[in-house]
Amino acid sequence: MSPRTGSETVAIDKLDRQILHGLQLSPRVPFARLAAVLGVSEQTVARRYQRMRTQGVVRVFGTADPSRAPGVTTWLVRIGCRPGTAAGLADALARRTDAGWVTIDAGGAQLTCSVRTSDDRRGVREDLLHHLPRAANVLSVSAHQVLHRFVGRGEADWVAADDQLDLDQRRDLLSRQDDDADHGDARIEAADRQLLVALAHDGRASYAALTDATGWTQRKVALRLAALTASGALYFDLDAAVTLLGFRTMAHLWFTVAPSDLAAVGAQLADHRRLAWAAAVTGPAAIVANALCRDAAELYRYLTTEVAAIPQVRSCETVPIHDRVKQAVSLVDGGVLRGPVV
């Protein structure tokens, strides 16, 4: 049976997109606050969100920030595959907890994924980067360490497309958020495992639900959640089924720039609404970004206008994404989000 396509089963309108934008800005925002900003009822926002979550359009999740974990390094890996093996290898990678953002690229001949590695005090390397070159169906592996993420306006805007919250709505939504107290330098510990699993499944889970998942009291859950988020050890984000939102042309963009221009170019790219993510990496191409466009014509316009307007960009390798197999935590099937890998 062929996988269903989102366009056949899910209809997303302007209000849905605005709800998604609000959640992108503040993933755990109370529905009552988001409803007030949008001028609709709390029940409407809650019903719309639950429908989109059930249909695999969105998943709000909480996860440990790898940049705050001692000894943890994030890599972007390009994998050349033997003909006919890309789908199987992509599925195997997608089901690993140390791999995310798995895509099949370049007409099915290449994979790209992010990989987290951690230091082993014994000096033994048993991580994914160690095993990949030995796989029989792997022809080549190119690993690029992620050095710095560029965060700008586009980080919050991209998922909402043209139906985003206006500046006043964003200000109202974010200004009402409770200020986090200073909780020191809290770090993820082994005892937080069940909390992280529950939040990966549902980043908007209530304190009562998290109490059931962890066996802790609601007070302990609330204090621990506040401490981890205030320190930055835990953050909340959302996976979105981008094809259901109309983005049917996606590509990895590998930019070559001089080291002296790296910070300036990265800051400009971070504000481009066609980019979902941009980072400085090791290797010949100093910056890599993910572009989401409605169609090939829009990608062409983006490359020949916004990218072309940055003179410090020496070259740009455009690698089309053939299929998304995994988002940050969610598996993707036929463009629809499935269960998280935790």
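Just so you know, these numbers come straight off a predicted model, no measurement behind them.

Colleague: I keep staring at the pattern of salt bridges and nothing clicks. Help me out?
Modeller: Here the idea is simple: oppositely charged side chains can pair when their charged atoms come close. For the coordinates displayed, the defined rule picks out 11 salt bridges. The partner of Arg95 in a salt bridge is Asp91, with the nearest N and O atoms 3.3 Å apart. Residue Asp91 is classed as partly exposed on the basis of its relative accessible area of 35%. As a salt-bridge pair, Asp168 and Arg171 come within 2.8 Å of each other at their nearest N and O atoms. Taken together, the positions of Asp168 and Arg171, both in helix α8 (residues 167-175) and 3 residues apart, correspond to about one turn of that helix. Take Asp168: its relative accessible area is 54%, and that puts it in the exposed class. Residues participating in the shared-partner salt-bridge network are Asp13, Asp16, Arg48 and Arg51.

Colleague: Explanation requested: helix α13 (residues 296-307) in the structure shown.
Modeller: What sets the pattern is the α-helix's 3.6 residues per turn: residues three or four places apart point alike. The end-to-end C-alpha distance of α13 is 15 Å, a good match for the 16 Å that 12 residues give at a rise of 1.5 Å each. The set of residues buried in α13 consists of Glu298, Leu299, Tyr302 and Val307. Projection of α13 onto a plane perpendicular to its axis shows the buried side chains occupying an angular sector of 100°, all on one side. Relative to its buried face, α13 has exposed residues pointing more than 90 degrees away, namely Ala296 and Tyr300. Buried positions along α13 lie against β7 (249-256), α12 (262-270), β8 (275-281), β9 (287-293) and β10 (315-324). The N-cap of α13, judged by a side-chain oxygen 3.3 Å from the amide nitrogen of Ala297 a few residues on, is Asp295.

Colleague: Honestly, the packing of aromatic side chains in this entry has me stumped. Any pointers?
Modeller: The final tally for this structure, using the stated rule, is 1 aromatic pair. Seen in terms of ring centroids, Phe31 and Tyr49 are 5.5 Å apart; in terms of plane orientation they differ by 50°. Their pairing is tilted. With Phe31 in helix α3 (residues 31-38) and Tyr49 in helix α4 (residues 42-54), this pair connects stretches of sequence that are 18 residues apart. Overall, the relative accessible area of 1% leaves Tyr49 in the buried class. A cation sits over an aromatic face here: Arg78 above Trp254, 4.5 Å from the ring centre.

Colleague: What should I look at first to understand unusual backbone geometry in this one?
Modeller: When glycine is set aside, most residues are seen to have a negative phi, and most peptide bonds are trans. Not every positive phi belongs to a glycine, and Trp101 is a case in point at roughly 50°. Note on placement: Trp101 falls in strand β3 (residues 99-105). On the basis of relative accessible area, Trp101 is assigned to the partly exposed category, the value being 38%.

Colleague: Would you take a moment to explain α4 for this structure?
Modeller: Compared with an ideal rise of 1.5 Å per residue, which puts 13 residues at 18 Å, α4 spans 18 Å between its outermost C-alpha atoms and is within 8% of the ideal. Turning to α4, its buried residues are Thr44, Val45, Arg48, Tyr49 and Met52. For α4, the arc enclosing every buried residue in end-on projection is 125°, short of the 170-degree limit, so these residues lie on one face. Exposed residues on α4 whose side chains face more than 90 degrees from its buried face are Gln43, Arg47 and Thr54. Contact partners of the buried residues in α4: α2 (14-25), α3 and β1 (58-64). Two residues or fewer after α4 comes Gly56, characterised by a positive phi angle close to 80°.

Colleague: For this particular structure, what's the right way to read the sheet that holds β10?
Modeller: Consider a sheet: its strands pair through backbone hydrogen bonds, and that pairing is either parallel or antiparallel. Taken in spatial order, the 8 strands of this closed barrel run β2-β4-β3-β10-β7-β9-β8-β5, and their pairing is antiparallel. Strand-to-strand twist in this sheet, taken as the mean axis angle between neighbours without regard to direction, amounts to 40°. Here helix α5 (residues 86-94) sits on the sheet in contact with β2 (72-81), β3, β4 (110-118) and β5 (138-149), set at roughly 170° to β3. Strand contacts of α13: β7, β8, β9 and β10, with the helix running at about 25° to β7, the strand carrying the most contacts.

Colleague: Would you mind showing me how to read the environment of Val37 here?
Modeller: Considering the arrangement of structural elements, one finds Val37 in helix α3. Judged by its relative accessible area of 9%, Val37 falls in the buried class. Once the C-alpha coordinates of Val37 and Ala285 are considered, the two residues, 248 residues apart in sequence, prove to be 42 Å apart. Contacts of Val37, omitting those with residues within four sequence positions, involve Gln169, Asp172 and Leu173.

Procedures and definitions
- Residues numbered from 1 in each chain as written.
- Predicted model: local features only at pLDDT ≥ 70, side-chain atom pairs only at ≥ 80, totals over all residues.
- Heavy atoms only, no water.
- Salt bridge = Lys/Arg side-chain N within 4 Å of Asp/Glu carboxyl O.
- Buried < 20%, exposed > 50% of the residue type's maximum accessible area, 1.4 Å probe, protein only.
- Helix = DSSP H or I, 4+ residues; strand = E, 2+ residues; numbered from the N terminus.
- Expected span 1.5 Å × (residues − 1).
- Arc of directions from axis to C-beta.
- Contact = heavy atoms within 4.5 Å.
- Polar contact = N/O pair within 3.5 Å; in protein donor to acceptor, adjacent residues only side chain to side chain.
- Phe/Tyr/Trp six-rings, centres within 6.5 Å; stacked < 30°, edge-to-face > 60°.
- Lys NZ or Arg CZ within 6 Å of the ring centre and 35° of its normal.
- Pairing = 2+ DSSP bridges.
- Axes fitted to C-alpha atoms, helices over the stretch in contact; angles between N-to-C directions.

Taken by themselves, the reported measurements are silent on function.
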